[in-house]
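# Fold and contact review
The primary structure of each chain is shown beneath.
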Amino acid sequence: MRTLDIAASGMMAQQMNVEVISNNIANINTVAFKRSRAEFQDLMYQSQLRPGATSSDQGDIVPTGIQLGLGVKPGTVARQHVQGPLTKTEGDYDLALDGRGYFLVTLPTGETAYSRAGNFKLSPEGTIVTTDGHEVSPGITVPENTRDVMINSNGEVLAYIEGQTEPQNVGQFDIAMFVNEAGLESVGSNLYLETPASGVPILGLPGQPGFGTVRQGYVESSNVNIVQEITNLISAQRAYEMNSRTVEAGDQMLNTLVQMR
Amino acid sequence: MENALYVALSQQMALRRMLDVTANNVANMNTQAFRAERPVFDDFVSRMGRGADPTAFVIDRATYTDTREGALTTTGNPFDIAIRGDGWLQVETPAGARYTRDGRLGRSADGDLVTVDGAPVLDDAGNRITVPEDVGPLTIAADGTLSYKVEGSEGAQSVELGRIGLYSLPGAEGLQRGGDGLVTTNGQALPAMGVTIVQGALEGSNVQPIVEMVRLIDLTRAYGQSVKLTEAENDRQRGAINKLGGPAT
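Summary of the structure given here. Worth saying up front: this structure is predicted, and the values here are computed from it rather than measured.

### Some words on the overall build of chain B
The helix and strand tally for chain B stands at two helices and 17 strands. What you see for chain B is a C-alpha radius of gyration of 27 Å, clearly larger than the 18 Å of a compact globule of 249 residues, by over 25%. Overall size of chain B, expressed as C-alpha extent along the three principal axes, is 115 × 35 × 30 Å. Relative to its 249 residues, chain B shows a buried fraction of 39%. If you take every contact in chain B between residues at least 6 apart in sequence, the share linking residues at least 24 apart comes to 62%. Summed over its atoms, the accessible surface of chain B is roughly 13,900 Å², and 53% of this surface lies on carbon and sulfur atoms. The averaged location of the 32 negative side-chain charges in chain B is 11 Å from the averaged location of its 23 positive side-chain charges.

Given below as structure tokens:
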């Protein structure tokens, strides 16, 4: 009886749906988090009678046929790279990207990762690093006796040094864009890696055409919409329940079969 | 003549075995790094007598292991590790070298790095790993290197203790299971490539409750149908004996 397996595939799909939703809700306060969405596809069909087959030697064609579906499968869990709201923090090294683009982060292995989480800190040497201590490209070091730091919308870091009236430009942030942002691989810690699906990174500077601008004193919050997630959660839960009803119905039908005299 | 009863009996024995496998999976739904087993059935065709039609019996050929990774849960304990990718830890047991994915490590009284059952974990050269006492929190890197921090003259220095050995085993579906999450292999264990260790996390069981529950329902109903077949066959034989075997009137 196909019912049990079809309903089981439905329950497993809803379970995955709830797992994705719960990850979104868990990360509701994560800086620059992008919500995911589980999308499903119907599994496959068994044709007992194919539509379009000939039904007589006069050339009459079967108009609809008999096709039985076998359940559901997950198609993709896609990240929605929509801009999150900007939150004011007034931190000197808290940067938010307004528009498209990712900061480049140099990992200890030498690889380049991409991130929109701009809550940067200073390393003991004065280099601007992420919260894990990874250097942000191109490796900007703030000189020692700096009074104040201003980062303009083009990503230029201007340091006001003790004893000088004019600020000194100590570097400019690189940012990268991708043709297919949803194809980036998430590796945790707010980092993404390039994949064949995302395309090669298009490097540039903030403020150039098509690239976003940098805002100092703000961070980008997560783009999770709590109302939407709760609604999806309720819907997934009811779908799970309905699939379990199908399992029970299949079970009762088999019971009737066994008890036939 | 007795074929129907024997075919039904073979089905019932196979179902009983399948129920045992399912019950074992369900019981181990929360066991760390447990891998679900799946039964494989086949039909066993035999010819009863010359020219008779072949009869197919059921035979349970084997069980194979589902090699999907279980879900990772973070525990925060620096001695807990989870293996991501197809890799196994090598442990030393009185019966020889065994392999496990259960990453609940600890320190024995002699200072060896051991699993939760006390079996020493071996490094990539096959030796035990010694953890000195009172060294503070251990750091286990993604490639398995153990280290700890020591206050030196220039500040905190990192001292390396060795690298936990990660091996890939051939034929992951057919590995022989011992108890306690240990597996044995007859083939060659090679150093694993592309496998990382996550410290502070554990791999859970890969049993899917929905699949097991649905299989249980399926089994119960199939067993009921088989019993029905046996009863009907029994009634038929009894009826035949009574009607045809009675004294001639």
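Following the structure, the description resumes.
### Focus on the packing of helix α1 (residues 2-26) of chain A against helix α2 (residues 209-245) of chain B
α2(B) packs onto α1(A) with a crossing angle of 165° between their chain directions and a minimal axis gap of 10 Å. Classified by the angle between their axes, α1(A) and α2(B) sit roughly antiparallel to one another. The crossing of α1(A) and α2(B) is right-handed. Contacts between α1(A) and α2(B) involve A:L4, A:D5, A:A8, A:M11, A:M12 and A:Q15 from the first element and B:I210, B:V211, B:V214, B:I217 and B:D218 from the second. Here the residues of the contact of α1(A) with α2(B) are counted per class, giving eight nonpolar, one polar and two charged.

### Let's talk about the side chain of B:D123
Tracing the backbone shows B:D123 in the loop between β8 (113-115) and β9 (138-140). Each residue touching B:D123, except ones within four places of it in the same chain, is listed here: B:I129, B:R163, B:I164, B:G165 and B:Y167.

### Re the interface of chain A and chain B
Taken together, the contact between chain A and chain B spans 16 residues of the former and twelve residues of the latter. Taken as a group, A:L4, A:M12 and A:V258 account for 40% of the area that chain A buries against chain B, more than any other trio of residues on that side. For the pair chain A and chain B, the number of links is one salt bridge. With a shortest N-O distance of 2.6 Å, B:R221 and A:D251 are connected by a salt bridge. Between chain A and chain B we count three residue pairs in polar contact (both at pLDDT 80 or more) in total. Contributions of two or more residues to the side of chain A that touches chain B are made by α1 and α2 (226-258) of chain A. Take the side of chain A that touches chain B: its biggest share by element is seven residues, from α2(A).

### Notes on helix α1 (residues 3-27) of chain B
The end-to-end C-alpha distance of α1(B), which contains 25 residues, comes to 36 Å, matching closely the 36 Å that a straight helix rising 1.5 Å per residue would cover. Residues of α1(B) that are buried: B:A8, B:S10, B:Q12, B:A14, B:L15, B:M18, B:V21, B:T22 and B:N25.

### Things to note about the pairing of strand β16 (residues 185-188) of chain A
Pairing analysis gives three bridges linking β16(A) to strand β17 (residues 191-193) of chain A, with the strands arranged antiparallel. Bridge pairing in β17(A) places A:E185 opposite A:L193.

### Looking at the sheet that holds strand β14 (residues 168-172) of chain A
Residues and elements named next belong to chain A. Pairing is antiparallel across the open sheet formed by three strands, whose spatial order is β12-β13-β14. The open sheet has two free edges, formed respectively by β12 (146-151) and β14, since each of these has just one partner strand. Within this sheet the neighbouring strands show an average axis-to-axis angle of 25°, counted without direction. Both strand β13 (residues 156-161) and β14 contribute to a ladder of four bridges, which runs antiparallel. By the bridge assignment, A159 is partnered in β14 with Q168.

Cut-offs and rules
- Residues numbered from 1 in each chain as written.
- Chains lettered and ligands numbered in written order.
- Predicted model: local features only at pLDDT ≥ 70, side-chain atom pairs only at ≥ 80, totals over all residues.
- Heavy atoms only, no water.
- Helix = DSSP H or I, 4+ residues; strand = E, 2+ residues; numbered from the N terminus.
- Rg over C-alpha atoms; globule rule 2.2 N^0.38 Å.
- Buried < 20%, exposed > 50% of the residue type's maximum accessible area, 1.4 Å probe, protein only.
- Contact = heavy atoms within 4.5 Å.
- Areas by Shrake-Rupley, 256 points an atom, 1.4 Å probe, with all protein chains shown as cover.
- Lys, Arg positive; Asp, Glu negative; His and termini not counted.
- Charge placed at Lys NZ, Arg CZ, Asp CG, Glu CD.
- Axes fitted to C-alpha atoms, helices over the stretch in contact; angles between N-to-C directions.
- Parallel < 35°, antiparallel > 145°, perpendicular 65-115°, else oblique.
- Left-handed = near helix turned anticlockwise from the far one by under 90°.
- Nonpolar A, V, L, I, M, F, W, Y, C, P; charged D, E, K, R; others polar.
- Buried area = accessible area lost by both parts, 1.4 Å probe.
- Salt bridge = Lys/Arg side-chain N within 4 Å of Asp/Glu carboxyl O.
- Polar contact = N/O pair within 3.5 Å; in protein donor to acceptor, adjacent residues only side chain to side chain.
- Expected span 1.5 Å × (residues − 1).
- Pairing = 2+ DSSP bridges.

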